[in-house]
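Below, each chain spelled out in residue letters.
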Amino acid sequence: MALLVKRRLALVDANSFYCSAERIFRPDLEGVPVVVLSNNDGCVVARSAEVKKLGVAMGMPWFQMKDLARQHNILAFSSNYTLYGDISRRFMSVLAQFVPPEEQEIYSIDECFLDFTHQPHLDLTATGHVMRDRVKRWTGLPVCVGCGSTKTLAKFANNVAKKQAQWGGVCDLTALSETELVAVLGQFDVRDVWGVGRKIAMQLMSYGVRTAADLRACDAKRIRERFTVVLERTVSELQGVSCVAWENEPPAKQQIIASRSFGGPLYTTEQLAEPVRFHMARAAEKLRLQGSIAGTLGVFLETNRFRPQDPQYSPSRAIHLPAATDDTAVLTTWATTLMRAIHKPGFRYVKAGVMLMDLRERCVVQGSLFDAAPTDRDLRRERLMGVLDRANGKWGRGTMGVGSAGVKQQRGWAMSRANLSPCYTTRWDELREVLAD
DNA sequence: TCTGGGGTCCTAGGACCC
DNA sequence: TCTGGGGTCCTAGGACCC
């Protein structure tokens, strides 16, 4: 019988990532309650510890908490994804020093898994502290580290490290005995387990499964009968059996969506054409970046669901393209056609978006049945798309495009970003100046 | 007046085929 | 009067995550 080696996985996750990223260049904001807002300054997507303490929930609409913000001097930032993306890259590269490349999995913008199974001599708690200190020193980000024998346990450990100060920011569950592990799991709600959302938690409660320890004690097979295979895997993972695959390289996207709420309502097809073209250009750019072509294109419009007094109409439609493509001009023509087809006058539209689906690798493209070999025109088109992507990469999205998508966002639909911080790390003209005495 | 924008996976049910 | 059953494919919708 093969000896099963216990895996040693770590999850490193930044604390209030967007807020912490804003604070790196504003050390005066240490201890000041800070939130970061979603696109359009709509709702709260990141809260500093001070704000969490005030009971502000994730996703709270900003306009609803303006009074509270005034009362407690909460500072709000518009989201600055250029900044967060760059800080994320630095954070990941610091952690890359601790494992071989294939043993780091970048899971999201602010967290990654590291596999220390093949470094059995390392003390994970000590290593966790080294990683914390180095990330803090080299990037300015505060992070917590959780270790466990499965991804779900490592995620859980990270949660423990964040919520219980006595761990000092590093919780290694692999160092605990079975009894000690169950004791820790018993202190947390089942909702704190990765993969258990609001709905599942409510159902579990009705079976008397309240804590993470309760869930671990469940019979995985019975869970599958009453719930789904997804929750079955979660239970197994809590029991130390790995079910969630290791994904060292991010898999190619299966669908690409580009959408935004408008700064204000739009009504006519003429008005809507502009954001649709803009989103189509963004989506096609992402498509080309991953080297895919799309076989299906979808478009959707939305009215404001938070205003029940308004007539509601949120149509969507998708078509199979005659030939899969990554050509912005072709896609844009279809997208505007679809938009016109689903649009009805008399509604107050607040959001539009496009979706690319049925994605395949570009090199295995099989033209439409009636296509011959690529023509000169096709090749010129390809080069044109290349120029488009390079220009937009260099001078900013929306510099160059097809039709009016090339015009930088303006007029009624541009999003509001009233409290945007500078791109400290990615724009020469917004670099931070350091004055020496 | 103002309420984000991405993604993934799974399941159930209908269409269709033999 | 009697009205199958199994398989596959597709889609819509739900649940979850960050």
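Fair warning: this is a prediction, and the values are worked out from it, not measured in the lab.

Colleague: Kindly report on the overall build of chain A, identifying the contributing residues and their values.
Modeller: Helix and strand counts for chain A stand at 14 helices and twelve strands. Taking 22 Å as the expected radius of gyration for a compact globule of 437 residues, we find that chain A reaches 25 Å, a close match to that expectation. For chain A, the spread of C-alpha atoms along the three principal axes comes to 65 × 65 × 50 Å. Once local pairs closer than 6 in sequence are excluded, the contacts in chain A between residues at least 24 apart make up 68%. Accessible surface for chain A amounts to roughly 23400 Å². Of this, 55% is attributable to carbon and sulfur atoms. Here chain A carries 57 positive and 46 negative side-chain charges, and the mean point of each set is 5 Å from the other.

Colleague: I'd like a description of the protein's contact with DNA strand B, backed by residues and values.
Modeller: Looking at DNA strand B, there are 26 residues lining it, with Ser 38, Arg 233, Ile 257, Ser 259 and Ser 261 nearest. Each atom of DNA strand B within 4 Å of the protein belongs either to a base or to sugar and phosphate, the latter forming 72%. Taking Arg 348, its side chain carries an N or O atom lying 3.1 Å from a phosphate oxygen of DNA strand B. Contacts to DNA strand B include Lys 351, whose side-chain N or O atom sits 3.1 Å from a phosphate oxygen. Among the secondary structure elements, those contributing two or more residues to the surface near DNA strand B are helix H11 (229–238), strand S9 (256–266) and helix H12 (269–289).

Colleague: Report on the protein's contact with DNA strand C, specifying residues and quantitative values.
Modeller: As a matter of local geometry, DNA strand C sits amid 14 residues, with Ser 108, Lys 155, Gly 195, Gly 197 and Ile 200 nearest to it. Expressed as a percentage, the sugar and phosphate content of the atoms of DNA strand C within 4 Å of the protein is 100%. Residue Asp 110 places a side-chain N or O atom 3.4 Å away from a sugar or linking oxygen belonging to DNA strand C. Between DNA strand C and Val 196, the relevant distance is 3.4 Å, taken from a phosphate oxygen to a main-chain nitrogen or oxygen of the residue. Taken together, the elements giving at least two residues each to the surface near DNA strand C come down to strand S5 (104–108) and helix H8 (198–206). Looking at which element gives the most residues to the surface near DNA strand C, the answer is H8, with three residues. Split into classes, the residues belonging to the surface near DNA strand C amount to five nonpolar, four polar and five charged.

Colleague: Go over helix H1 (residues 17–24) with me, naming the residues and quoting the values.
Modeller: Buried residues dominate H1, accounting for seven of its eight residues. Phe 17, Tyr 18, Cys 19, Ser 20, Ala 21, Glu 22 and Arg 23 are the residues of H1 that are buried. Along its buried surface, H1 packs onto strand S1 (9–14), strand S2 (34–37), strand S3 (44–47), helix H2 (49–53), strand S4 (75–78) and helix H4 (81–95).

Colleague: Help me get a handle on the sheet that holds S1, residues and values and all.
Modeller: Read across the sheet, five strands follow the order S5-S6-S1-S7-S8 without closing on themselves; strand pairing throughout is mixed. The open sheet has two edge strands with one neighbour each: S5 and strand S8 (170–172). On average, adjacent strands in this sheet sit at an angle of 15° to one another, irrespective of strand direction. Relative to strand S6 (residues 111–115), S1 is paired through five bridges, and the arrangement is antiparallel. The residue bridging Leu 11 from the neighbouring strand is Phe 113, located in S6. Packed on one face of the sheet, H4 meets S1, S5, S6 and strand S7 (143–148) and runs near 10° to S6.

Colleague: Run through unusual backbone geometry, naming residues and quoting values.
Modeller: At Ser 16, a residue that is not glycine, the phi angle is positive and equals roughly 40°. With respect to the element layout, Ser 16 can be found in the loop between S1 and H1. Taking the relative accessible area as the measure of exposure, Ser 16 reaches 18% and is therefore buried. Located in the positive-phi region is Asn 40, a residue other than glycine, with phi close to 70°. Following the sequence through the fold, Asn 40 ends up in the loop between S2 and S3.

Colleague: Requested: an account of the side chain of Glu 111, with residues and values cited.
Modeller: Within the fold, Glu 111 resides in strand S6. In this structure the side chain of Glu 111 is engaged in a polar contact, spanning 3.2 Å, whose partner is the side chain of Ser 108. Aside from chain neighbours lying at most four places away, what touches Glu 111 is Leu 11, Val 12, Asp 13, Phe 91, Met 92, Glu 105, Ile 106 and Lys 155.

Colleague: Talk me through the nonpolar core; I want residue IDs and the actual numbers.
Modeller: Among the nonpolar cores identified, the biggest contains 34 residues, and Val 12, Phe 91, Leu 95, Leu 114, Phe 116, Met 131 and Leu 141 are the most heavily contacted of them. When residues of this core are traced back to their parent elements, those giving at least two are S1, H1, S2, H4, S6, helix H5 (124–139) and S7. Counting residues per element, this core draws most heavily on H4, at seven residues. In this structure Leu 95 touches Val 12, Gln 104, Cys 112, Leu 114, Met 131 and Val 135, once residues within four positions along its chain are discounted.

Colleague: Outline the packing of aromatic side chains, listing residues and values.
Modeller: How two aromatic rings sit relative to each other is given by the distance of their centres and the angle of their planes. The final tally for this structure, using the stated rule, is 16 aromatic pairs. Measuring from ring centre to ring centre gives 5.7 Å for Phe 17 and Tyr 18, while their planes differ by 55°; the resulting arrangement is tilted. As far as the burial class goes, Phe 17 and Tyr 18 line up, both buried. One aromatic cluster is present, built from ring pairs that chain together Phe 17, Tyr 18, Tyr 81 and Tyr 84. Here Lys 151 stacks its cationic end above the ring of Phe 113, 5.0 Å away from the centre of that ring.

So, how was this worked out
Throughout this description, residue numbers start from 1 for each chain and increase along the sequence as written. Lettering of chains starts at A and numbering of ligands starts at 1, both following the order in which they are written. Thresholds applied to this predicted model are a pLDDT of at least 70 for local features of residues and 80 or more for the giving and counting of side-chain atom pairs; totals over whole chains, interfaces and linings are not thresholded and use all residues. The side-chain numbers reported here are obtained from all heavy atoms of the structure, hydrogens and water having been left aside. To qualify as a helix, a DSSP run of H or I must reach at least 4 residues; to qualify as a strand, a run of E must reach at least 2; elements of each kind are numbered from the N terminus. Put simply, the radius of gyration uses C-alpha atoms, and a globule should come to 2.2 Å times the residue count raised to 0.38. The criterion used for residue contact is that any of the two residues' heavy atoms lie within 4.5 Å. In these tables, accessible area is a Shrake-Rupley quantity obtained with a 1.4 Å probe, and a residue counts as shielded only by the protein chains included in the view. His is not counted, nor are the chain ends, whereas Lys and Arg count as positive and Asp and Glu as negative. A charge is said to be at NZ when it belongs to Lys, at CZ for Arg, at CG for Asp and at CD for Glu. When we say a residue is near a molecule or strand, we mean one of its heavy atoms is within 4 Å of it. Polar contact is the term for a pair of N or O atoms within 3.5 Å; when the atoms are in protein, one must be able to donate a hydrogen and the other to accept it, and sequence-neighboring residues count only if both atoms are side-chain atoms. Charged residues are taken to be Asp, Glu, Lys and Arg, nonpolar residues to be Ala, Val, Leu, Ile, Met, Phe, Trp, Tyr, Cys and Pro, and polar residues to be all remaining types, Gly included. Only protein chains enter the accessibility calculation, which uses a 1.4 Å probe; a residue whose area is less than 20% of its type maximum is buried, one above 50% is exposed, and one in between is partly exposed. Here, a strand pair is defined by DSSP locating no fewer than two bridges between the strands. Note on definitions: angles span 0 to 180 degrees between N-to-C directions of axes, and those axes are lines fitted to C-alpha atoms, for helices only across the stretch in contact. Among the buried residues, those of types Ala, Val, Leu, Ile, Met, Phe, Trp, Tyr and Cys that are joined through side-chain atoms within 4.5 Å form a nonpolar core. Note on aromatic pairs: the rings of Phe, Tyr and Trp (six-membered ring only in Trp) are paired at centre separations within 6.5 Å, and the planes decide the class, stacked below 30 degrees, edge-to-face beyond 60, tilted for the rest. Two conditions define a charge sitting above a ring: the NZ of Lys or the CZ of Arg must be within 6 Å of the ring centre, and it must be within 35 degrees of the ring normal.

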